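Residues per chain are reported as follows:
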Amino acid sequence: MSDHLPPGTTENVKSSPRAFDTLRDLLVGPERRDLEDLRRRLEAAGLTTEQIAEHLPEAIALRAARDEKLARSLSPTIEGAIQESVRRRPEKIASAIYPIIGPAIRKSIADTMAGIVTAINQAIEHSLSPQGIRWRIESWRTGMSYAQIVIRHALVYRVEQVLLVHAETGILLAHAAPPDLDTTDADLVSSMMSAIRDFVRDSFKGREQGGLRTFRVDEFTILVEQGPRALLAAKVRGQPPDDLLERMQVTLETVHFEFGDPLKQFDGDAAAFAATVPLLEERLETVVATDRREGTPRGPRVAWGLAGFAVLLLAAWFAWSTWRWRTAVNALAQEPGIVVLDTDRGLRRSRIAGLRDPASADVREVLAQAGIDPRRVEFDWEPFVSLDPPMVVARATARLAAPAGIALALAGDTLVATGSGPAAWVTRAMAAAIPGVTVVDVRGVTPLFPETIVRLRRQIEDRQIQFAIGTPALPPEADSPVSAIATAFARLEAEAARLGYRAALRIVGRTDSNGATETNQQLSRDRAAAVGRALAARGVATEAMETVGVGSSRPILGDDPADAARLNRSVSFEVGLALATMTRGGFE
Amino acid sequence: MIQKKICMVGVFGTGKTSLVRQFVHSKFSEKYHSTVGVKIDRKPVQLSGTTVNLLLWDLEGRDGTQEIQTSYLRGASGIIYVADGTRIRTFDQVFELRAIADKAVGIVPSVCAVNKVDLIDAWQVGDERMAELDPTEWHALKTSAKAGTGVEEAFHWLAGAVIGERPE
């Protein structure tokens, strides 16, 4: 405090400090207190910054512990600062985070590459195997690249190393590994593993037996199976299956059983355990996704194969019988007069339903020809009349009982009959009502008449009536023949009518060649008319007769001119037979 | 080839790891690394009749002798006890460690390596103390991991002892 006083006053202050203080208080007391106050405030203001610097870390820690507000209020600033820093000096940030990011990226890439390399190695290994070929086919089938297929079937797990370790000393007794793997440090790995297990056992006390069975190192899983004198460890890449430990246990038990004495007497010489290597090698396995199938034992595989073959046979039989059934049904449907509406195929009995014209083919025969046993088929036919032309003809043939000389054909709704057949049949045919047929055309049929009619006709047509020269007058001796003709014709008419035919009699008059043609023509007509009148007088209906005069134009030949002249001065007869339904005709 | 488990035992900083490094890799580093848990190394040793592959379990050195992890000693064929010749207390502790180990694994061929003999000025273990190591129980010798003094001998002697042959 004395430093603040002017130098001149020092002696007095020292000589009488109390008096001076009293005086000073009296003189500038209030001002001095103000001054003190001001100075304190000034000093306090100056100290704050330092004090903040002093207490900032604690303050931040305190506040951060209390709530999240500090982090929230700071984060925009920090983000801004980082952004600014990245914008202005990116290399600084890059070098700062490099030590973290570099290894992280490297590790990630290395892991991925290791996986891919393993998968590709497996692929190369398998490329000529059936599996590889399967993969190639799958690649070709799916349109994916072979590599994609391979990765899809990537490694599930691979047992890369199997170690047999002496339990007490941790010394490696034997080990197995694929030839491509470097295993020079197997003995160290073995010891180290024992040490780790010892450590774990010590750390988690109370579990004397068992201990660490599984632990992971990078991408490896170490599985440990503990036995009384030895333990078996497997280094597995990928995800080991649950039953691997069980299989390892079996191996370990075998080792204990077969190598019990060497294990008991083990003094550091592992030579005796070289023989365990084949046992250990059994545990080396590479399993890719599609390998799992190969694990199936042979027995079930054969069974599956047989089952598959049986299914195949069954399917083939089913396909064949289905095809045969369809063929048969189609054949049936093709048959005229059969309409298949519904089929129901059963294993033992089948059913066919539809419409069937009674005149159609025998259904059972059609089915039997197609290889289907008709006894196993139930039929449900609705009778119907088919208008299918072959059916109509077949039906007409059946209905009309057409004789051998008759051919039937259908033109539209007209049944056309040709050939020759009994006159009675023709009449019947004309009158028959056949479904599908409106008209039976028998004009092409030559009717064959019974013997009676043929004989009567000959009796009439063999006769001639002779006339004297130049006259149309019927001579008296013609009386008898005319009567005979009238009688024969009456009988013939009756016979024909029974068959549905109508008989007609044509009377043809002639003259000799002497005289004028005109005169002769007239003379011949008069002669025919005279005979006609004579027949009418004996009961022959005029509408059944027809008189024609041919003069000398159609002469009958004689032995000499005189005989010929005598023969032609005559009247001859022709008999016509026509169906009763027809108005005219019947003359040949 | 015969393999044998050998343990390096001693309190911290006596030079167990350095002795192994010198023996296996013929290297020495002034830097001090404390071992955590156990480190394992191997070295084949050529003896007159045969080769012994030594698996060297370098145990973590701790402050007190009570804390030693005896489970690491299980199955050991031989033990190398290491003392620091410049710290007399570590020499005393060797006897305590020996008692614990004998109890845990029984009596096995043992070597007592009083290490750091290169540090003559700081040396504290006099000949009368060295004489306390009974030759029927120990093979005692002064070693220097730094200079390599006695290192080969210590391991060779033990290798011979564990397979039951005594080198001359």
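Everything numeric here is computed off the predicted structure, so don't read it as measured data.

**Student:** Help me understand the overall build of chain A, please; the structure alone is not making it clear to me.
**Tutor:** In terms of regular secondary structure, chain A is built from 18 helices and 16 strands. With 588 residues in all, chain A has 25% of them scored as buried.

**Student:** I'm lost on the overall build of chain B in this one. Help?
**Tutor:** Counting secondary structure elements, chain B contains 4 helices and 6 strands. Ordering the α and β elements of chain B from the N terminus gives β-α-β-β-β-α-β-α-β-α. In chain B, which comprises 168 residues, the proportion classed as buried is 46%. Long-range pairs, those at least 24 residues apart, make up 72% of the contacts in chain B between residues at least 6 apart in sequence.

**Student:** Explanation requested: the confidence of the model for chain B in the structure shown.
**Tutor:** When pLDDT drops low, the exact placement of atoms in the prediction is not to be read closely. Across chain B, the average pLDDT comes to 88, with 96% of residues at 70 or higher. Scoring of the predicted complex yields 0.42 for pTM and 0.81 for ipTM.

**Student:** Honestly, the nonpolar core in this entry has me stumped. Any pointers?
**Tutor:** The tendency in soluble globular proteins is for nonpolar side chains to be buried side by side. Within the largest apolar cluster, 78 residues are counted, with the highest numbers of intra-cluster contacts made by Leu164(A), Ala233(A), Cys7(B), Met8(B), Trp57(B), Ile80(B) and Tyr81(B). In contact with Cys7(B), other than residues within four places in its own chain, are Trp57(B), Leu59(B), Tyr72(B), Leu73(B), Ala76(B) and Ile79(B).

**Student:** Is there a simple way to think about the interface of chain A and chain B in this case?
**Tutor:** Listed by partner, the interface residues are 16 residues for chain A and 16 residues for chain B. Broken down by class, the residue content of the side of chain A that touches chain B amounts to 6 nonpolar, 4 polar and 6 charged.

**Student:** Looking at this structure, I do not really get helix α17 (residues 517-537) of chain A. What am I missing?
**Tutor:** The α-helix advances 3.6 residues per turn, and as a result positions three or four apart in sequence lie on the same side. All names here are of chain A. Between its first and last C-alpha, α17 extends 30 Å over 21 residues, near the 30 Å set by a 1.5 Å rise per residue. Along α17, the positions that sit buried rather than exposed are Asn520, Leu523, Ser524, Arg527, Ala528, Ala530, Val531, Ala534 and Leu535. For α17, the angular spread of buried residues about the axis comes to 150°, placing them on one side. Exposed side of α17, more than 90 degrees from the buried face: Glu518 and Ala537 are the residues found there. Those residues of α17 that are buried lie in contact with β13 (464-466), α16 (479-498), β14 (501-510), β15 (545-551) and β16 (570-579).

**Student:** For this particular structure, what's the right way to read helix α1 (residues 16-25) of chain B?
**Tutor:** Residue and element names in this part refer to chain B. The buried fraction of α1 amounts to 8 of the 10 residues, a majority that puts the element mostly inside the structure. The set of residues buried in α1 consists of Lys16, Thr17, Ser18, Leu19, Val20, Arg21, Gln22 and Phe23. Summarising the contacts, the buried residues of α1 are in contact with β1 (2-9), β2 (38-46), β3 (51-59), β4 (78-84), β5 (110-115) and α4 (151-162). Backbone geometry just downstream of α1 places Ser26 in the positive-phi region, at approximately 55°.

**Student:** Before we go on, may I ask you to explain the packing of α16(A) against α17(A) in this structure?
**Tutor:** All names here are of chain A. At a minimum axis distance of 9 Å, the contact between α16 and α17 shows a crossing angle of 60°. Between α16 and α17, the angle is such that the two are oblique. Crossing of α16 against α17: the hand is right-handed. For the pair α16 and α17, contact is made by Val482, Ile485 and Ala486 and by Val531, Ala534 and Leu535, respectively. Tallied by class, the residues present in the contact of α16 with α17 amount to 6 nonpolar, no polar and no charged.

**Student:** What exactly am I supposed to notice about the environment of Asp84(B) here?
**Tutor:** Residues and elements named next belong to chain B. Mapping Asp84 onto the fold places it in strand β4. Asp84 gets classed as buried once you count the C-beta atoms within 10 Å, which come to 25. The spacing of Asp84 and Phe12 is 72 residues in sequence and 9.3 Å in space, taken between C-alpha atoms. When near neighbours in sequence (up to four residues on either side) are disregarded, Asp84 contacts Gly13, Thr14, Gly15, Thr90, Asn115 and Lys116.

**Student:** I tried to follow the pairing of β14(A) on my own but got confused; where do I start?
**Tutor:** The side chains of a regular strand alternate between both faces of the sheet. Residues and elements named next belong to chain A. Taking burial as the measure, the 10 residues of β14 include 9 buried ones, the bulk of the element. Pairing of β14 with β16 involves 9 bridges; the strand directions are antiparallel. Paired with Val508 across the two strands is Ser572, which belongs to β16. Across 6 bridges, the pairing between β14 and β15 is parallel. Bridging across to β15, Val508 finds its partner in Val548.

Procedures and definitions
Residues numbered from 1 in each chain as written. Chains lettered and ligands numbered in written order. Predicted model: local features only at pLDDT ≥ 70, side-chain atom pairs only at ≥ 80, totals over all residues. Helix = DSSP H or I, 4+ residues; strand = E, 2+ residues; numbered from the N terminus. Buried ≥ 20, exposed ≤ 12 C-beta atoms within 10 Å, placed from the backbone. Contact = placed C-beta atoms within 7 Å. pLDDT = per-residue confidence, 0-100. Core = buried A, V, L, I, M, F, W, Y, C linked by C-beta atoms within 7 Å. Nonpolar A, V, L, I, M, F, W, Y, C, P; charged D, E, K, R; others polar. Expected span 1.5 Å × (residues − 1). Arc of directions from axis to C-beta. Axes fitted to C-alpha atoms, helices over the stretch in contact; angles between N-to-C directions. Parallel < 35°, antiparallel > 145°, perpendicular 65-115°, else oblique. Left-handed = near helix turned anticlockwise from the far one by under 90°. Pairing = 2+ DSSP bridges.

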